[in-house]
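So you can see what is in the structure, the chains are spelled out below.
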Amino acid sequence: MDMTRRNFLKLLGSAGVLLSVGKAHAATNEKILVAYFSRTGEEYGLGNISKGNTAIVAEMIAAKVGGDLFEIKPVIPYPDSYEECKTVASREKATKARPEFIGGVDISGYDLIFVGYPIWYGDAPQVVYTFLERYDFSGKKIIPFCTHGGSGLSSTDQTISLTCPTAKILQGFELRGAIAQNNPAQAESIVADKLKRLNLI
Ligand SMILES: Cc1cc2nc3c(=O)[nH]c(=O)nc-3n(C[C@H](O)[C@H](O)[C@H](O)COP(=O)(O)O)c2cc1C
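Overview of the structure. (Residues numbered from 1 in each chain as written. Predicted model: local features only at pLDDT ≥ 70, side-chain atom pairs only at ≥ 80, totals over all residues.)

**Focus: helix H7 (residues 184–197)**
The criterion, for reference: By the criteria applied, helices consist of DSSP H or I runs no shorter than four residues and strands consist of E runs no shorter than two, each listed in order from the N terminus. One fewer than the residue count of a helix, multiplied by 1.5 Å, yields its expected span. Exposure in this text rests on C-beta crowding, where 20 or more other C-beta atoms within 10 Å of a residue's own make it buried, 12 or fewer make it exposed, and counts in between make it partly exposed. The C-beta atoms are placed from the backbone. Working definition: the arc comes from the directions between the helix axis and the C-beta atoms, pointing outward to the latter. Note on contacts: each residue gets a C-beta atom placed from the backbone, and two residues are in contact if those atoms are within 7 Å.
Over its 14 residues, H7 runs 20 Å from end to end, which matches the ideal 20 Å to within 8%, given 1.5 Å per residue. Of all the positions in H7, only Ala187, Val191 and Lys194 are classed as buried. Projected onto a plane normal to the axis of H7, the buried residues spread over an arc of 60 degrees and lie on a single side. Among the exposed residues of H7, those pointing more than 90 degrees away from its buried face are Ala185, Ser189, Asp193, Lys196 and Arg197. Looking at the buried positions of H7, the neighbouring elements they touch are helix H2 (53–65), strand E8 (173–176) and helix H6 (177–182).

Pasting the structure below:
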């Protein structure tokens with residue numbers, strides 16, 4: 001098959017494979033993965049966004065701690081329309097749906113896994129639970145982080161702890177989506193502060 005480098009990279013991205021190969025974190029020697037779900041399109045109060053709020057934060061974390069990124073990308077993308085996305089999201093929440101995501105990641109080599117998501121109806125989107133239920137997190141540390149429009153973590157750290165009872169859930173953190181989207185300097189400083197508190201930088 002004749003495939004240009006750009007098409008190859010595009011294919012890797014769309015297959016949901018790792019976007020970078022990270023090194024062990026210098027301070028702790030832990031291998032770190034930053035797995036996240038994030039949506040683009042029309043977002044409440046933000047207009048049409050081409051990069052999701054959580055994606056922005058995930059990339060900041062990975063860059064600061066030297067982690068690998070894995071995007072939890074649903075096989076069926078959520079609608080770009082905010083209203084239509086709300087309809088799908090609330091139906092999925094009500095039915096405890098487990099939407100499939102594209103590709104996968106071998107988590108066995110990682111010690112610490114950040115799991116990032118937007119808050120949807122006071123919870124993590126259902127596709128994040130598909131991810132959490134797919135793998136064996138025994139002995140792994142998980143740090144939940146979210147972006148939101150005002151709800152904070154909304155106890156998702158506790159829900160994750162119930163979903164992954166054999167993992168050690170460390171203190172999660174939250175950030176308003178609008179800050180991530182519109183004020184990168186402030187977002188960088190909040191993220192750096194959280195990572196310092198976790199002794200990761
Ligand atoms: C379907 C849907 C439901 C949402 N529900 C909430 C909510 O309950 N509480 C909240 O603070 N924000 C809520 N939001 C706002 C998002 O959490 C916020 O904009 C987030 O930063 C989006 O992140 P993303 O760009 O990574 O997808 C909701 C957004 C959508 C699309």
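**Describing the nonpolar core**
It is characteristic of soluble globular proteins that their nonpolar side chains tend to be buried jointly. The line we're drawing: As used here, a nonpolar core is made of buried Ala, Val, Leu, Ile, Met, Phe, Trp, Tyr and Cys residues. They are joined through C-beta atoms within 7 Å.
Counting residues in hydrophobic clusters, the biggest one holds 51 residues, and the most contacted among them are Val34, Ala35, Val57, Ile61, Val115, Val128 and Ile142. Element by element, the count of residues in this core is highest for H2, at 8 residues. With residues near it in sequence (within four places) discarded, Val115 still touches Ala35, Val128, Leu132, Ile142, Pro144 and Ile160.

**Regarding the site of the ligand**
Defined as follows: Only the C-beta atom matters for this test: placed from the backbone, it must lie within 6 Å of a molecule or strand for the residue to be near it. Residue polarity follows a fixed list, in which Ala, Val, Leu, Ile, Met, Phe, Trp, Tyr, Cys and Pro are nonpolar, Asp, Glu, Lys and Arg are charged, and the others, Gly among them, are polar.
As a matter of local geometry, the ligand sits amid 23 residues, with Ser38, Thr54, Pro118, Ser151 and Gly177 nearest to it. Of all the secondary-structure elements, those providing two or more residues to the shell around the ligand are H2, helix H3 (82–94) and strand E6 (141–148). Counting residues per element, the shell around the ligand draws most heavily on H3, which supplies 4 residues. Class assignment of the residues belonging to the shell around the ligand gives a composition of 9 nonpolar, 11 polar and 3 charged.

**Quick look at the pairing of strand E1 (residues 32–36)**
The cut-off we apply is this: By definition, two strands form a pair when at least two bridges between them are found by DSSP.
Judged by how many residues are buried, E1 sits mostly within the fold: 5 of 5 residues are covered. Across the two faces of E1 the burial is the same, with Ile32, Val34 and Tyr36 and Leu33 and Ala35 all buried. Relative to strand E5 (residues 112–118), E1 runs parallel, the two sharing 5 bridges. What sits directly across from Ala35, in E5, is Val115. Examined bridge by bridge, E1 and strand E4 (residues 68–71) share 4 bridges and lie parallel to one another. Within E4, the residue paired with Ala35 across the bridge is Phe70.

**Focus: H2**
Here H2 contains 13 residues, and its C-alpha end-to-end distance of 19 Å stays within 8% of the 18 Å for a straight helix at 1.5 Å per residue. Most of H2 sits inside the fold, with 10 of its 13 residues counted as buried. Where H2 is concerned, the buried positions are Asn53, Thr54, Ala55, Ile56, Val57, Ala58, Met60, Ile61, Ala62 and Val65. Gly66 sits one or two positions beyond H2 and adopts a positive phi of about 70 degrees.

**Topic: unusual backbone geometry**
The backbone phi angle of Tyr121 is positive, close to 50 degrees, even though this residue is not glycine. Considering the arrangement of structural elements, one finds Tyr121 in the loop between E5 and helix H4 (126–134). We classify Tyr121 as partly exposed; it has 14 C-beta atoms within 10 Å. Even without glycine at this site, Ser155 takes up a positive phi of about 65 degrees. For Ser155, the location among the structural elements is in the loop between E6 and helix H5 (156–163).

**Some words on the environment of Thr159**
Of note, Thr159 is situated in helix H5. The contact partners of Thr159, leaving out residues within four places of it in the chain, are Asp123 and Ala124.

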